[in-house]
Amino acid sequence: MINNRTAPRLAVAAALATALSAGPVQSALADVRAAAHPASAGKTVTAAGAAKPAKAERLPDGDGGWQGDGLSLNAADNKKVDAFLARARTAERSVSPEMEAVARISHAALIGFDHRLKSPDSLKRKVATAMKEAPGQTVDATLARISDSIRYTLQWPDGSYTNGVTIASSALALWGNDSVKWSNTWGRKHGYKGINAAWRDPHSQHVFEVQFHTPSSKWAQEATHKLYEEQRLPGTSPERARELQEQQDAIFMSVPVPDGAEDLTAPAQARPQQAQTLPAPVERPAAAA
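Since the structure is predicted, the reported quantities are computational estimates derived from the model, not experimental observations.

Take Asp-77: it is sitting in helix H4 (residues 75-106). One buried charged residue, Asp-77, remains without a salt bridge, the closest side chain of opposite sign being Lys-80 at 5.6 Å. Beyond its immediate stretch of four places on either side in the chain, Asp-77 contacts Met-131 and Val-139.

If you want it as structure tokens, here you go:
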């Protein structure tokens, strides 16, 4: 007998099975495997359109540090952030083809793909802000909390959002990605609406972020971005911060909540042997001479 809890799982399994049998997805699966193990493919795989790292601002005395927006990193901490960024660029080469396949499987739009790598200045600003807010916290501890050095946004229309998120997150888990964060804020009365999730890539062990949005929630996120950035600056007064928060709340209040979105949770983590059960790419027969 199929109960209410089993039915959605069967629907997801059926959707995955159907999608994975499609030619374009099989091709994407081949790309994922080649990107994850570029040496075995005989060439280095680089995802198209990868963001080019910007040059970090140097401190006036040329000591190799960084500063911006009233924040700064000393030379040693700046060097560690640069090394972290290098690891992110390497991990992105295997994660991006997988995300493209997930978008195909779940019929999602992959939004802002050209900006999937966080810029050096943006990451250093975030690290410096976190260290200033937590005096005594080391740069290593701060970097361990960073989940969006590589980030992606999947978007569906309101009517297919809940099913799309379920399929996409299930596919990520089946590929062996470890879910390390799942923040569903659709049920909030005020503030940001959407799902922000973080996953650990099994090949590089680097954490990447996936945001799940509707067109309305993505629009609201972009409309409030500058307000949020100003709110986070060290020089923003408490009064101004409250004003900025009220403006953000008003924008997010206009975002419709898709049916079932509030109840979406992270998928169960696939065991290592389960992560290997996705079908291998179908080899096409050679064309007749």
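Continuing now.
As a further point, take the packing of aromatic side chains. Inspection of every chain in the model, using the stated rule, returns seven aromatic pairs. Ring plane angle 80° and centroid distance 5.9 Å describe the contact between Trp-156 and Tyr-161, whose orientation is recorded as edge-to-face. No difference in accessibility class separates Trp-156 from Tyr-161, as the two residues are buried. On the numbers, 5.7 Å between centres and 40° between planes, the contact of Trp-182 with Phe-212 is tilted. Separated by 30 residues along the polypeptide, Trp-182 in strand E5 (residues 178-184) and Phe-212 in strand E7 (residues 207-213) bring together distant segments of the chain. An aromatic cluster of at least three residues, connected via ring pairs, comprises Trp-156, Tyr-161, Trp-182, Trp-186 and Phe-212.

Next up on the list: the packing of H4 against helix H7 (residues 161-174). Across the interface, H4 lies against H7 with an axial gap of 9 Å and an inter-helix angle of 145°. In this structure, H4 meets H7 at a crossing whose hand is right-handed. Side by side, H4 and H7 meet where Glu-98, Met-99, Val-102, Ile-105 and Ser-106 of the first sit next to Gly-164, Ile-167, Ala-168, Ala-171 and Leu-172 of the second. Here the contact of H4 with H7 is built from residues that sort into seven nonpolar, two polar and one charged.

The next point concerns the pairing of strand E4 (residues 151-155). A regular strand carries its side chains on alternate faces of the sheet. When you tally the buried positions in E4, you get four out of five residues, the bulk of the element. In terms of strand pairing, strand E3 (residues 109-111) meets E4 through three bridges, oriented antiparallel. Across the sheet, the residue bridging to Ala-109 is Gln-155, located in E4. Strand direction decides the pairing type here: E4 and E7, joined by five bridges, are parallel. When the sheet's bridge partners are listed, Gln-155 is paired in E7 with His-213.

With that settled, the discussion passes to the pattern of salt bridges. Summed over the entire model, instances satisfying the criterion amount to ten salt bridges. Residue Glu-133 is joined to Arg-232 by a salt bridge in which the shortest nitrogen-to-oxygen separation is 3.4 Å. Of this pair, Glu-133 sits in helix H5 (residues 120-133) while Arg-232 sits in helix H9 (residues 225-232), and the two are 99 residues apart along the sequence. When the shortest N-O distance is used, the salt bridge between Asp-178 and Arg-200 registers 3.7 Å. Of the two residues, Asp-178 sits in strand E5 while Arg-200 sits in strand E6 (residues 195-200), which places them 22 residues apart along the sequence. Look at Asp-178 and you get partly exposed, because its relative accessible area is 29%. Residue classification places Arg-200 among the partly exposed residues on the basis of a relative accessible area of 28%.

The rules we used
- Residues numbered from 1 in each chain as written.
- Predicted model: local features only at pLDDT ≥ 70, side-chain atom pairs only at ≥ 80, totals over all residues.
- Heavy atoms only, no water.
- Helix = DSSP H or I, 4+ residues; strand = E, 2+ residues; numbered from the N terminus.
- Buried < 20%, exposed > 50% of the residue type's maximum accessible area, 1.4 Å probe, protein only.
- Lys, Arg positive; Asp, Glu negative; His and termini not counted.
- Salt bridge = Lys/Arg side-chain N within 4 Å of Asp/Glu carboxyl O.
- Contact = heavy atoms within 4.5 Å.
- Phe/Tyr/Trp six-rings, centres within 6.5 Å; stacked < 30°, edge-to-face > 60°.
- Axes fitted to C-alpha atoms, helices over the stretch in contact; angles between N-to-C directions.
- Left-handed = near helix turned anticlockwise from the far one by under 90°.
- Nonpolar A, V, L, I, M, F, W, Y, C, P; charged D, E, K, R; others polar.
- Pairing = 2+ DSSP bridges.

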